[in-house]
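Analysis of the macromolecular model
Spelled out, the chains give:
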Amino acid sequence: MATRFATAARPISKGEQTREAILAHALGLATRVGFEGLTIGRLADDLQMSKSGLFAHFRSKEALQLEILRVAGARMVETVVKPALAASRGEPRVRALFERWLAWEQSPSLPGGCPFMAASFELDDRPGPVRDFVVQNLRDWIDTLAGAARIAVHEGHFRADLDCEQFAHDCQGIGLGFVHASRLMRDPKAHARALHAFETLVRAARAPSYTGPQPSCAAAPRGRRR
């Protein structure tokens with residue numbers, strides 16, 4: 001990632017611009033119709049392009065799916081992981097990861113939610129490179145959560161005996177529950193319930209000497225009430 005910003009920007013060709021525009025549209029479409037439902041023909045119809053033109057970019061349905069997932073992974077890193085890692089070490093960083101993931105799952109640019117969650121339901125019993133890519137991305141995400149929890153232990157925010165892998169697993173479980181409640185069941189309290197479950201998990205993980213983040217001044221208005 002660092003080398004990308006260190007090198008001079010290379011002019012983007014018209015073909016690359018077209019490819020990026022296709023993938024951006026395909027990502028949103030895949031979250032609505034599913035990765036199996038997204039074909040070169042369907043995408044061509046949606047974009048009013050020729051199938052031969054799209055085939056020249058991706059060559060196969062599987063190649064298209066993998067490229068969409070690579071775009072999704074890069075976007076998730078930029079919008080969830082990188083900003084969260086800029087938060088203070090310890091519990092604040094754990095919170096930032098979880099809260100930014102919730103915002104990512106509800107992003108207007110992803111009509112069907114997190115593409116990796118969607119693909120995990122769709123491809124769980126369909127072996128192949130696309131499933132392997134989804135599995136690795138989810139493992140990386142869980143490892144990121146576990147790593148943040150280990151830092152929280154080191155900072156004295158979380159208990160020294162905390163099973164950080166279990167903590168990350170439980171965070172992922174809350175995320176899965178949120179997806180079901182919000183998208184399948186249309187529960188208006190899905191977001192509040194996910195936050196409540198996360199708060200319960202964090203409180204159970206805290207070290208006895210750590211009281212948690214202090215409320216900001218804005219959250220505690222002063223003055224006499226009327």
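Only a predicted model underlies this, so the values are computations on that prediction, with no experimental measurement involved.

Concerning the overall build of the protein
Secondary structure summary: the protein contains ten helices and zero strands in total. Put simply, the protein runs from its N terminus to its C terminus through helices and strands in the order α-α-α-α-α-α-α-α-α-α. Here the protein holds 226 residues, and the buried ones make up 37% of them. Total accessible area on the protein is roughly 13,100 Å²; 55% of this is exposed by carbon and sulfur atoms.

A look at the confidence of the model for the protein
Scored by pLDDT, the protein has a mean of 87; 88% of the residues are at 70 or more. Between residues 1-9, whose pLDDT stays under 50, and residues either more than four places distant or in other chains, the model counts five contacts. When the criterion is pLDDT under 50, residues 216-226 qualifies, and its contacts beyond four places in sequence or with other chains add up to zero contacts.

Thoughts on the packing of helix H8 (residues 129-154) against helix H9 (residues 164-184)
Between H8 and H9, whose axes approach to 8 Å, the crossing angle comes to 125°. Between H8 and H9, the angle is such that the two are oblique. The way H8 lies across H9 gives a crossing that is right-handed. Between H8 and H9, the contacting residues are Leu138, Trp141, Ile142, Leu145, Ala146, Ala149, Arg150 and Val153 on the first element and Cys164, Glu165, Phe167, Ala168, Cys171 and Gln172 on the second. Tallied by class, the residues present in the contact of H8 with H9 amount to eleven nonpolar, one polar and two charged.

Description of unusual backbone geometry
Phi angles above zero are rare outside glycine, and glutamine 48 is one such case at about 55°. With respect to the helices, strands and loops of the structure, glutamine 48 is situated in the loop between helix H3 (40-47) and helix H4 (51-58). On the basis of relative accessible area, glutamine 48 is assigned to the exposed category, the value being 75%.

Observations regarding the pattern of salt bridges
If you walk through the whole model with that rule in mind, you get 13 salt bridges. Note that glutamate 67 is salt-bridged to arginine 19, the shortest N-O span being 3.4 Å. Remark: arginine 19 occurs in helix H2 (residues 14-33) and glutamate 67 occurs in helix H5 (residues 61-85); sequence separation between them is 48 residues. Among the residues examined, arginine 19 registers a relative accessible area of 26% and is labelled partly exposed. Notably, a salt bridge pairs glutamate 67 with arginine 70, separated by 2.9 Å at the nearest N-O pair.

Concerning the nonpolar core
In terms of nonpolar packing, the biggest core is built from 60 residues, with Trp101, Phe158 and Phe167 touching the most fellow members. Those residues in contact with phenylalanine 167, other than ones at most four positions away along the chain, are Val94, Ala149, Phe158, Leu162, Leu201, Val202 and Ala205.

Side note on the packing of aromatic side chains
Evaluated as defined, the whole model comprises two aromatic pairs. Taken together, a centroid distance of 4.2 Å and an interplanar angle of 0° make the contact between phenylalanine 98 and phenylalanine 198 stacked. Residue phenylalanine 98 is located in helix H6 (residues 91-105), and its partner phenylalanine 198 is located in helix H10 (residues 190-205); the two are separated by 100 residues in the primary sequence. Comparing phenylalanine 98 with phenylalanine 198, the two get one shared label, buried. On the basis of an interplanar angle of 55° and a centroid distance of 5.3 Å, the ring pair of phenylalanine 158 and phenylalanine 167 is categorised as tilted. Accessibility classification places phenylalanine 158 together with phenylalanine 167 in one group, the buried group.

Cut-offs applied
Here the residue numbers are simple positions, counted from 1 along each chain's written sequence. Reporting of local features is limited, given that this is a predicted model, to residues whose pLDDT is at least 70; pairs of side-chain atoms are given and counted only at 80 or more, and all residues count toward the totals for whole chains, interfaces and linings. Water and hydrogen atoms were dropped before computing side-chain values, which therefore reflect all heavy atoms in the structure. Secondary structure is summarised from DSSP: a helix means a run of H or I of at least four residues, a strand means a run of E of at least two, and numbering begins at the N terminus for each. Burial classes follow relative accessibility: with a 1.4 Å probe on protein chains only, a residue under 20% of its type's maximum area counts as buried, one over 50% as exposed, and anything between as partly exposed. Only the protein chains shown count as cover for residues, with accessible areas throughout obtained via the Shrake-Rupley method and a probe of 1.4 Å. For every residue, the pLDDT score states the predictor's confidence, bounded by 0 at the bottom and 100 at the top. Any two residues whose heavy atoms approach within 4.5 Å are treated as being in contact. Axis angles are defined between N-to-C directions and span 0 to 180 degrees, where every axis is a line fitted to C-alpha atoms and, for a helix, only to the segment in contact. When an angle is under 35 degrees it counts as roughly parallel; over 145 it counts as roughly antiparallel; between 65 and 115 it counts as roughly perpendicular; any other value is oblique. Left-handed describes a crossing whose near helix is turned anticlockwise from the far helix by less than a right angle; the clockwise case is right-handed. Put simply, Ala, Val, Leu, Ile, Met, Phe, Trp, Tyr, Cys and Pro go in the nonpolar bin, Asp, Glu, Lys and Arg in the charged bin, and everything else, Gly too, in the polar bin. Between Lys or Arg on one side and Asp or Glu on the other, a salt bridge is scored when a side-chain nitrogen of the former is within 4 Å of a carboxyl oxygen of the latter. Here, nonpolar core refers to any group of buried Ala, Val, Leu, Ile, Met, Phe, Trp, Tyr and Cys residues whose side-chain atoms link them within 4.5 Å. For Phe, Tyr and Trp, where Trp contributes only its six-membered ring, two rings pair if their centres lie within 6.5 Å, and the inter-plane angle classes them as stacked under 30 degrees, edge-to-face over 60, or tilted in between.

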